[in-house]
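# A closer look at the structure
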Amino acid sequence: MYRRDLIICDRCQSINKRLPLAAKEEARCAECGAMLYSSDVGLEYKILSWSLTALVLFVLANIYPVISIDIAGMSGSLTILEAISRLYDEGFLFVSFFALLVLVVFPFLLMSFLFAFSLFAVAGIEKEAAKTLLLGVSVIRRWSMLDIFFISVLVAMIKIYEYARIEFGVAFWALASFIVLEILLVRMVPVGQLWDVWERRYHAA
Ligand SMILES: [Zn+2]
């Protein structure tokens, strides 16, 4: 049975009662003193501004080339979408389709859903739509894989570093910043905390 009023300590597994917090307060375990959760008052404003920034970065990351490579006078540059369409042209249908989903469609939907959710929550409107958006976020958050793509690009760079001149484009830095925001927004904020925002915004009123 799931009880929202109780919380288990990650460190000592003792059960604590969940209490409402004021701004900037944090709850600690009664047994061992480990931090259980912190006040998320204002989390919706943070999500609103960060997801909007992430969407702008996402557009930049997709319209400009990620890298430009110069090997012995032969140069070329590639955007994320060009890389995916090249995979398609070379016959990797499934891989290119999967890449399109996890590198373009899902990251974009994830940030759009977070943006729309926080916009509705801040305005206190569209209760049911906000709920649907949160359900969408819980499903999609595992399927945004731009961070893995970024690391693979870096690994590939190391391999050709010795005999190529590499220039990182605008999209490279936009992508890096997008990933930092995604980690802060999605990986560091548990979905439960978003549901807390939803309850606070729509039930308290
Ligand atoms: Zn504890």
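Figured I'd write up the structure that's included with this text. (Residues numbered from 1 in each chain as written. Predicted model: local features only at pLDDT ≥ 70, side-chain atom pairs only at ≥ 80, totals over all residues. Heavy atoms only, no water.)

## Some thoughts on the overall build of the protein
Regarding its fold elements, the protein presents 7 helices and 7 strands. Taking 205 residues into account, the globule formula puts the C-alpha radius of gyration at 17 Å, and the protein, at 21 Å, lies well above it. Principal-axis analysis of the C-alpha atoms places the extent of the protein at approximately 65 × 40 × 30 Å. Looking at the 205 residues of the protein, the share that counts as buried comes to 39%. Counting every atom, the protein has about 12300 Å² of accessible surface; 66% of that belongs to carbon and sulfur. (Helix = DSSP H or I, 4+ residues; strand = E, 2+ residues; numbered from the N terminus. Rg over C-alpha atoms; globule rule 2.2 N^0.38 Å. Buried < 20%, exposed > 50% of the residue type's maximum accessible area, 1.4 Å probe, protein only. Areas by Shrake-Rupley, 256 points an atom, 1.4 Å probe, with all protein chains shown as cover.)

## With respect to unusual backbone geometry
What is expected of a backbone is that most residues other than glycine have negative phi and most peptide bonds are trans. Of note, the phi angle at Q13 is positive, near 60°, even though the residue is not glycine. Examined against the element boundaries, Q13 turns out to sit in the loop between β1 (6-8) and β2 (15-17). Backbone geometry at E126 places phi at a positive 55°, although glycine is not the residue there.

## Quick look at the pairing of strand β4 (residues 35-38)
Taken together, the 3 bridges between strand β3 (residues 26-28) and β4 define a ladder with antiparallel strand orientation. In the sheet register, R28 faces β4, and the bridge partner there is M35. What sits between the antiparallel neighbours β3 and β4 is a turn of 6 residues, in which G33 has the positive phi angle 85°. (Pairing = 2+ DSSP bridges.)

## Here's the deal with the packing of aromatic side chains
The final tally for this structure, using the stated rule, is 9 aromatic pairs. Seen in terms of ring centroids, F168 and W173 are 6.1 Å apart; in terms of plane orientation they differ by 70°. Their pairing is edge-to-face. The exposure class assigned to F168 is partly exposed, which follows from its relative accessible area of 37%. (Phe/Tyr/Trp six-rings, centres within 6.5 Å; stacked < 30°, edge-to-face > 60°.)

## Details of the pattern of salt bridges
Scanning all chains against the criterion turns up 8 salt bridges. Note that R200 and E44 form a salt bridge whose closest N and O atoms lie 3.3 Å from each other. With R200 in helix α7 (residues 191-203) and E44 in helix α1 (residues 43-63), this pair connects stretches of sequence that are 156 residues apart. On the basis of relative accessible area, E44 is assigned to the buried category, the value being 1%. The partner of E167 in a salt bridge is R165, and the shortest N-O contact between them spans 3.2 Å. Overall, E167 belongs to the partly exposed group, its relative accessible area being 43%. A relative accessible area of 49% means that R165 is categorised as partly exposed. (Salt bridge = Lys/Arg side-chain N within 4 Å of Asp/Glu carboxyl O.)

Take it as geometry only, folks, not as evidence of what the structure does.
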